[in-house]
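Residue-level listing of the chains:
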Amino acid sequence: MKSPRIVGSMNQRMNQFVVILGAGESGVGAAILAKRMGFTCLVSDAGKLQPPHREELKQFDIEWEEGHHNEERILTADIVIKSPGIPEKNSLVKKIREKGIELISEIEWAWRYIGDSKVIAITGSNGKTTTTALTYHICKHAGLDCALVGNIGYSFARQIALDPKPWYVAEVSSFQLDDIKEFRPHVAVLTNITEDHLDRYDYQFINYIRSKFRITMNQRPSDYFIYCEDDEVTMQHINEFQLLSNPLPISMRKELLQGAFIKEQEMNIATKDEKFQMSIYDFALKGKHNQYNTMAAGLAASVIGLRKDKIREAIQSFEALEHRMETVATVRGVEFINDSKATNVNSTWYALESMNKPVILILGGVDKGNDYSLLLDLVKEKVKAIVCMGVDNRKIQEAFQNHVPVMVNTGSAAEAVHSAFQLSNKGDVVLLSPACASFDLFKNYEDRGKQFKEAVLAL
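My aim in this report is to walk through the structure given alongside it, one point at a time. (Residues numbered from 1 in each chain as written. Predicted model: local features only at pLDDT ≥ 70, side-chain atom pairs only at ≥ 80, totals over all residues. Heavy atoms only, no water.)

Summed over the entire model, instances satisfying the criterion amount to 13 aromatic pairs. A ring pair is formed by Tyr372 and Phe400, whose centres lie 6.1 Å apart and whose planes are at 70°; its orientation type is edge-to-face. On the criterion of sequence distance, the pair formed by Tyr372 in the loop between β17 (359-363) and α15 (376-382) and Phe400 in helix α16 (residues 394-400) is long-range, its members being 28 residues apart. The class of Tyr372 is buried, set by a relative accessible area of 4%. Among the aromatic side chains, those forming a connected cluster through ring pairs are Trp111, Phe156, Tyr168 and Phe183. If you follow Arg200 out to its NZ or CZ, it ends over the ring of Phe175, 3.7 Å from the centre. (Phe/Tyr/Trp six-rings, centres within 6.5 Å; stacked < 30°, edge-to-face > 60°. Helix = DSSP H or I, 4+ residues; strand = E, 2+ residues; numbered from the N terminus. Buried < 20%, exposed > 50% of the residue type's maximum accessible area, 1.4 Å probe, protein only. Lys NZ or Arg CZ within 6 Å of the ring centre and 35° of its normal.)

Moving on to the pairing of strand β14 (residues 275-279). It is a general feature of regular strands that their side chains alternate between the two faces of the sheet. As defined by bridge partners, strand β13 (residues 266-270) adjoins β14 across five bridges and the pair is classed as antiparallel. Bridge pairing links Asn268 to Gln277 in β14. Here β13 folds back onto β14 in antiparallel fashion, the turn holding four residues. (Pairing = 2+ DSSP bridges.)

A sheet is described by the order of its strands in space; here six strands give the open sequence β15-β16-β20-β17-β18-β19, paired in mixed fashion. Edge positions in the open sheet fall to β15 (326-331) and β19 (406-410), since each of these has one partner strand only. Each strand of the sheet is rotated relative to its neighbour by a mean of 20°, with strand direction disregarded. Of the strand pairs in this sheet, β17 and strand β18 (residues 383-389) are connected by five bridges, and their pairing is parallel. Note on β18: the bridge partner recorded for Leu361 is Ile386. In this fold helix α14 (residues 345-353) packs onto β17, β18 and β20 (429-432), with an angle of close to 165° to the strand it touches most, β17. The strands that helix α18 (residues 445-457) touches are β15, β16 (334-338), β17, β18 and β20; relative to β15, the one it contacts most, it runs at about 20°. (Axes fitted to C-alpha atoms, helices over the stretch in contact; angles between N-to-C directions. Contact = heavy atoms within 4.5 Å.)

For the rest of this paragraph, the subject is the nonpolar core. Grouped together as the largest cluster of nonpolar side chains are 54 residues, with contacts concentrated most on Trp109, Val119 and Phe156. When residues in this core are grouped by element, the largest group, six residues, is from helix α2 (residues 25-36). Every residue in contact with Phe156, bar those within four places of it in the chain, is listed here: Glu106, Ile107, Ala110, Trp111, Ile114, Val119, Val149, Gly150, Tyr168 and Phe183. In terms of nonpolar packing, the next biggest core, distinct from the first, is built from 43 residues, Leu148, Val187, Ile269 and Val303 among them. (Core = buried A, V, L, I, M, F, W, Y, C linked by side-chain atoms within 4.5 Å.)

In structure tokens, the structure reads:
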């Protein structure tokens, strides 16, 4: 493994001031990398730092501030690395832009010190976390020396600073892609595009679509782009972007000469150097949406030259992720499923589509511009009651009150679980698939899922 490509001499870097906005996992990771590379840096967070992050910054002797931003000092920075959680319309971000200071994301920062290592990067509205985890599982099982980074695992920058690898499997969000300049994955995966995070994109769907396609913008003819040919939004816009990499589609609707497709319950993977088949009945992940995720991960592993027997074994042995269609328990004949990671309508659609029992659906949280009409047919067909769990449930009530016999409002995970259990009969399933962000009642979707599971196990 070669050492990272170093940008500028040590003297040049010592004279450069790097500011990191936000002291979460990505911010602290970016700061550790900056410190390791010899930059003068400051971590600034408008909120309160988590104790572990505070201790880490002390450990690496990194300057930090919390509860405010020292704007005058920040505006003297040479480079600002922005947390993906800070929107473009933030007043400080606007001032940084006006001053012409370079503003980048943590994945862009990490990329500058990656050396000769390569990245498999996965984005998309749905399935990106599962696809990333499965891709990493296949790579590890096949003996590839790699790390899992990005929205899942450590921050990309932290990994490069403390334990660099020849390969990185990265889950990247649209917010991270918004602030890249040179970031170039050897393999880019776009699972699909559905309306999500529209509050961050001026409620213009096209802005979000462009953001997702940024994953391809620096790719070269030696790189690969895996995308879903069955996804209407992707196919409607793909020709608007200059794609230089090798296209590898996945599909369940047609046979492909290059890429992956499913026909007669068999997954077929075809790249320039390899072809192999595998029965979908051997997939560890069940459900139609997971067949797409498995095709994408299998194809990514195949195109970088991993052995097909190892790919098959890993696809069979993969264990589903926590908070993603996770079976919690069956209590008196009622099954409880934790799908807290479903933070948009499309994810909830997939969850409902895979249900074959009567459903008590727990919905709600911070609405991101959701169009609940997409769920209406499935709700009419499968849902016997909706339990709303959020501070403001009006939009959900308006969308479904004329189509579901019972709707109740609750203000906590415990209350939602108890209400759902009371509304259920033996043979039903209680599905937490909120279609919303979690920040009104919980720290994040993990906290929401954890509280849900605790409430179920306490029944």
